[in-house]
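Observations on the three-dimensional arrangement
Here's the letter readout for the chains.
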Amino acid sequence: MVLPFASSPSPSSPHTPAAARCGQPHGIRQATPGHDAPLPHKQIGIGIIGCGRIGRLHAHNISRHVSKARLVGLADPFIEKGDMEWVRELGSPLTYTDYRDLLAHPDVDAVFICSPTTTHAEYLIEAATLGKHVFCEKPIDLRIERTEEALTVAREAGIVLQVGFNRR
């Protein structure tokens, strides 16, 4: 399946990416076999793992500002112990104390990993293995070997992976 994402500059333009000059149209993403990208008209189901400051920020932004995404659920081991008003303000997505329950939900197409750093690689590997696309807060892991392992699993699974990095 090929999905158009953006218009592309002329193939002869010096600003044209190498992929476009080599026959792959710029702005087109080829989904990998067995992992079709969501259709442009379908809302992408998002799950958030980790509901601290950054997880809440992503949940708010997705639910309020991303029309092509739907916040399906939130997972945090302490979610039910805190103030739930913010969850109701998001439209009352499903809540889980175990991230694996969120990953198993059939409507979750992608997850945002906003949990403590020591969990990022583990959660990324599990999500990728299940075919879920991933946005992971930085760093993936504090050990380069574990980071490389997670990247290899993501690549082999054919998922889309983005690592959040806020340059200050």
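All of the points below concern the structure found in this document. (Residues numbered from 1 in each chain as written. Predicted model: local features only at pLDDT ≥ 70, side-chain atom pairs only at ≥ 80, totals over all residues. Heavy atoms only, no water.)

**A look at the overall build of the protein chain**
Check the secondary structure of the protein chain and you find six helices and eight strands. Secondary structure elements of the protein chain occur, N-terminal to C-terminal, as β-α-β-β-α-β-α-β-α-β-α-β-α-β. Of all 168 residues assigned to the protein chain, the portion counted as buried reaches 40%. Sequence-distant contacts in the protein chain: of pairs separated by 6 or more residues, those separated by 24 or more amount to 59%. Carbon and sulfur atoms form 55% of the exposed surface of the protein chain, whose accessible area is close to 10,000 Å². (Helix = DSSP H or I, 4+ residues; strand = E, 2+ residues; numbered from the N terminus. Buried < 20%, exposed > 50% of the residue type's maximum accessible area, 1.4 Å probe, protein only. Contact = heavy atoms within 4.5 Å. Areas by Shrake-Rupley, 256 points an atom, 1.4 Å probe, with all protein chains shown as cover.)

**Details of the sheet that holds strand S6 (residues 110–113)**
Spatially, S5-S4-S3-S6-S7-S8 is the arrangement adopted by the six strands of the open sheet, whose pairing is parallel. Unpaired on one side and paired on the other, strand S5 (94–96) and strand S8 (161–164) mark the two borders of the sheet. Averaged over all neighbouring strand pairs, the angle between strand axes comes to 20°, with direction disregarded. Two elements, strand S4 (residues 69–75) and S5, share three bridges in a ladder whose sense is parallel. Considered in S5, the bridge of leucine 74 is made with threonine 95. (Pairing = 2+ DSSP bridges. Axes fitted to C-alpha atoms, helices over the stretch in contact; angles between N-to-C directions.)

**Concerning the pairing of S8**
Looking down a regular strand, the side chains alternate between one sheet face and the other. Where strand S7 (residues 133–137) and S8 come together, four bridges link them in parallel fashion. Directly across from glutamate 137, in S8, lies its bridge partner glycine 164. Handedness of the crossover joining S7 and S8 through helix H6 (residues 144–157) is recorded here as right-handed. (Right-handed = clockwise from strand over helix to strand, strands pointing away.)

**Comments concerning the pairing of S7**
By the criterion of burial, S7 is predominantly enclosed, with five of the five residues buried. The alternating pattern of S7 places His133, Phe135 and Glu137 on one face and Val134 and Cys136 on the opposite face, and all of these are buried. Crossover handedness for the path S6 to helix H5 (residues 117–129) to S7: right-handed.

**A word on the nonpolar core**
Core analysis: the biggest nonpolar cluster contains 23 residues, and Ile49, Val111, Ile113, Leu124 and Val134 have the highest contact counts within it. Listed by contribution, the elements that provide at least two residues to this core are S4, helix H4 (99–104), S6, H5, S7 and H6. By residue number, the principal contributor to this core is H5, which donates six residues. Core analysis: the second largest hydrophobic core is formed by 17 residues, Met84, Trp86, Leu90 and Phe112 among them. (Core = buried A, V, L, I, M, F, W, Y, C linked by side-chain atoms within 4.5 Å.)

**Considerations on helix H2 (residues 53–65)**
Since the α-helix advances by 3.6 residues per turn, residues separated by three or four positions end up pointing in the same direction. The terminal C-alpha atoms of H2 lie 18 Å apart, and with 13 residues this matches the ideal 18 Å at 1.5 Å per residue to within 8%. Looking at the packing, one finds that the buried side of H2 touches strand S3 (44–49), S4, helix H3 (85–89), S6 and S7. (Expected span 1.5 Å × (residues − 1).)

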